[in-house]
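What the coordinates show
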There are 2 protein chains.
Amino acid sequence: MLPTAEDVVEAGARIAGRVRQTPLLTLAADTAAGVPLVLKLEQLQHTGSFKPRGAFNTLLAAKVGSEGVICASGGNHGIAVAYAARELGVPAEVFVPLSSSPVKVKLLRALGAKVRQVGSVYAEALAAMTERQASTGALEVHAYDQPAVIAGQGTLFAEWLQQDPQLDTVVVAVGGGGLLGGALAAIGDRVRLVAVEPHRAPTLASALDAGEPVDVEVSGLAADSLGARRIGRLAFELARARGVVSLTVGDDEIRAAQHWLWSHARIVTEPGGAAAVAAVLGGHYRTRPGERIGVLICGANADLASLAA
Amino acid sequence: MLPTAEDVVEAGARIAGRVRQTPLLTLAADTAAGVPLVLKLEQLQHTGSFKPRGAFNTLLAAKVGSEGVICASGGNHGIAVAYAARELGVPAEVFVPLSSSPVKVKLLRALGAKVRQVGSVYAEALAAMTERQASTGALEVHAYDQPAVIAGQGTLFAEWLQQDPQLDTVVVAVGGGGLLGGALAAIGDRVRLVAVEPHRAPTLASALDAGEPVDVEVSGLAADSLGARRIGRLAFELARARGVVSLTVGDDEIRAAQHWLWSHARIVTEPGGAAAVAAVLGGHYRTRPGERIGVLICGANADLASLAA
């Protein structure tokens, strides 16, 4: 079953009080967009990314007990699952690939999760997690391809449209598709969704070309947050039904967007968190005059030293 | 003449479109405050601090021409004056002490200002600027003790109360008193103002003790933003009339607040920008049950490398 707007509303009620309402910041029309940009500052969410929305929704819907939860993650999903598990008083076991940034692994450990570093990319950590789950019986929280996770991420967009009902377009980075699926479930037909992927992790673009989810080679600056090997089935079905187009951005554009956000608005982002802004600054999305465009800042689990000038 | 609420309203109309409306973020009641904290994220303002509000108001009210503007600053005021001057197409000359952080001096130069590094603290840069101004005739923009500057800073509080009319209390860091004076002019009697100063730059506390502005020794972590040698006369008169009390915080508490803001909400601050939060986290301000408390994040011109864990 594909997640629906009703699922998102139910998720919103379920996770109320567990997640922050994150604010908007409007920047002037002096970028390639030619119109003001309404930034949604979701990097200010608990754990530094949007991921607690899906994690809390999944854990609360399943009423997980002492068997605890288990997941595989590039980093941010695992941190969110560990955070939600700690808040709800249940154990968490998290598999991450060796490509996860040291910053993220450190955050995971600080939250008290059992951390397993396996494989070089997310897909390998996922395989190891699946095997382990069969022996422990812990609740699996998929990083993106699970209805409760997608409905939870959708609450971000329901919240955003409540804050700014006039939005015409939202620009969103895509990895495995949890956020994308949530957006498509939440926003209805009036609002246009623009998906953005790194050149070096084009899961959605490749799937749309092939007519179905396919494996892609994953590398580059944002691999630890947008580096799923293939788009989730649920998000793909939602995206195909809605005719979503994927724009791709280069690592140099992502890096430039990170520095632009810091120098223009003192906003820190990780590479994946700046990808949507990169597409706008790079002129990859052509706005119409008067279009009200929202751009999601989705994560900030960066090494601050790497951003220092 | 002391700045009034009417002056703040006029300033707001004058600078509209030149400054950003900065957002609020509400954090949960799990700190020493025991109530939720409504953070005003003014570090997201142009140039990374609240200072453009006063700078634009002064430049626009004076209709400055080709003679340009001149100021002395610990750093942030100079950056704001340079930014406003560039936006309005007039030249700027800025005197900063050698204690200004390299990050701030770099930002100043990037904005095209003539930068003069003179003296070890702000007061010495101010003396050099006054001498220079007599020969150039440029418009002086004082960092805090000037009615148009104070009225401009007051727009921050008028905006804040419009965003959150239920605020009972605002907690604000104090250096020379421009922000303090603006707050007192703007907020009226219903809202309580709590002033926060570093132990090592207690200009307001010392003036209230002495019954008039007096020189203090200035040092410590936040000296480059809160390191005026004495409180401005205008802010002092406003503070005395309203019975404002100053709380002081240690450098260790300021540093802890910077790290707390990053680890809990991915907010970057400079030391002075975190001082108000430090007072709340340190339990120096005793909240009443149900009190709605706002805490101002006033600056983020930090060296990111210094915040890296």
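Before reading further, recall that the structure is shown in the block above.
Residues numbered from 1 in each chain as written. Chains lettered and ligands numbered in written order. Predicted model: local features only at pLDDT ≥ 70, side-chain atom pairs only at ≥ 80, totals over all residues. Heavy atoms only, no water.

In this section: the relation of the copies chain B and chain A. Relating one copy of the chain to the other requires a rotation about an axis plus a shift along that axis. With an RMSD of 0.0 Å, chain B superimposes on chain A once it is rotated by 180° and translated 0.0 Å along the axis. Taken together, the rotation and translation relating the two chain copies correspond to the operation of a two-fold axis. Closest to the rotation axis within chain B is the C-alpha of A305(B), separated from it by 2.2 Å. Of the residues that chain B buries at the interface, 100% are likewise interface residues in chain A, meaning the two copies contact each other through the same surface. (Least-squares fit on C-alpha atoms with pLDDT ≥ 70 in both. Contact = heavy atoms within 4.5 Å.)

All right, on to the pattern of salt bridges then. Applying the stated rule across the entire model yields 32 salt bridges over all chains. The salt bridge involving E270(A) is made with K104(A); its shortest N-O contact spans 2.5 Å. With E270(A) in the loop between α11 (251-265) and α12 (271-281) and K104(A) in helix α4 (residues 102-110), this residue pair connects regions lying 166 residues apart in the sequence. Of the charged contacts in the structure, one is a salt bridge between D251(B) and R200(B), with a shortest N-O distance of 2.9 Å. Within this pair, whereas D251(B) is found in helix α11 (residues 251-265), its partner R200(B) is found in the loop between β8 (192-198) and α8 (203-210), the two being separated by 51 residues in sequence. (Salt bridge = Lys/Arg side-chain N within 4 Å of Asp/Glu carboxyl O. Helix = DSSP H or I, 4+ residues; strand = E, 2+ residues; numbered from the N terminus.)

Residue and element names in this part refer to chain A. Counted according to the given criterion, the structure contains 3 cavities of 30 Å³ or more. Computed from the structure, the largest cavity encloses a volume of approximately 340 Å³. As for the largest cavity, its lining consists of 30 residues, of which K51, G175, G176, S225 and L226 are closest to the centre. Listed by contribution, the elements that provide at least two residues to the lining of the largest cavity are α3 (76-88), α7 (178-187), α9 (223-226) and α12. A per-element tally of the lining of the largest cavity places α9 first, with 4 residues. Its residues placed into classes, the lining of the largest cavity shows 12 nonpolar, 15 polar and 3 charged. Both domains that meet at the lining of the largest cavity, namely domain 1 (5-49 + 146-308) and domain 2 (52-140), each give it at least three residues. The space that makes up the second largest cavity amounts to roughly 60 Å³. (1 Å grid on protein atoms, 1.4 Å probe; cavity = no way out; pocket = protein on both sides within 12 Å on 5 of 7 lines; lining within 4 Å. Points joined across faces, edges and corners; volume = space filled by probe spheres on them. Nonpolar A, V, L, I, M, F, W, Y, C, P; charged D, E, K, R; others polar. Domains from an automatic or database assignment.)

Residue and element names in this part refer to chain A. For helix α1 (residues 5-15), the full list of buried residues reads V8, A11 and I15. The arc that holds the buried residues of α1, viewed along the axis, is 60°, so those residues lie on one side. Set apart from the buried face of α1 by more than 90 degrees, the exposed residues are E6, V9 and A13. Contact partners of the buried residues in α1: α2 (52-62), α6 (147-163) and α7. Downstream of α1 by a residue or two, G17 has a phi angle that is positive, lying close to 85°. (Buried < 20%, exposed > 50% of the residue type's maximum accessible area, 1.4 Å probe, protein only. Arc of directions from axis to C-beta.)

All right, on to the layout of surface pockets then. The gaps left among the atoms become clear once a water-sized probe is rolled over them. Volume-wise, the second largest pocket comes out at about 950 Å³. Lining the second largest pocket are 36 residues, with S263(A), H264(A), R266(A), T47(B) and L107(B) sitting closest to its centre. When residues of the lining of the second largest pocket are traced back to their parent elements, those giving at least two are β1 (24-27) and α11 of chain A together with α3 (76-88) and α4 (102-110) of chain B. For the lining of the second largest pocket, the leading source of residues is α11(A), giving 5 residues. Considering only residue class, the lining of the second largest pocket consists of 18 nonpolar, 10 polar and 8 charged.

With that settled, consider the environment of L179(A). Residues and elements named next belong to chain A. For L179, the location among the structural elements is in helix α7. Taking the relative accessible area as the measure of exposure, L179 reaches 5% and is therefore buried. Excluding residues that lie within four positions of it along the chain, L179 makes contacts with F50, Q153, L156, F157, V172, A173, L296 and C298.

Below, the discussion takes up the sheet that holds strand β6 (residues 139-140) of chain B. Each strand in a sheet pairs with another by means of backbone hydrogen bonds, the pair being arranged parallel or else antiparallel. Residue and element names in this part refer to chain B. Strand order across the open sheet formed by 4 strands is β5-β4-β3-β6, with parallel pairing between neighbours. Sheet topology places β5 (114-117) and β6 at the edges, where each strand pairs with a single neighbour. Here strand β3 (residues 69-72) pairs with strand β4 (residues 92-96) via 4 bridges, running parallel. Bridge pairing in β4 links I70 to E93. Lying over the sheet, α3 contacts β3 and β4, oriented at roughly 170° with respect to β3. (Pairing = 2+ DSSP bridges. Axes fitted to C-alpha atoms, helices over the stretch in contact; angles between N-to-C directions.)

The partner chain A presents 29 residues to the 29 residues of chain B that form the contact. Regarding the contact of chain B and chain A, the summed buried area is about 2100 Å², with carbon and sulfur atoms giving 65% of it. When the buried surface of chain B facing chain A is broken down by residue, R20(B), R266(B) and L304(B) rank first, second and third, together holding 33% of it. Counting across the interface, chain B meets chain A through 0 salt bridges. (Buried area = accessible area lost by both parts, 1.4 Å probe.)

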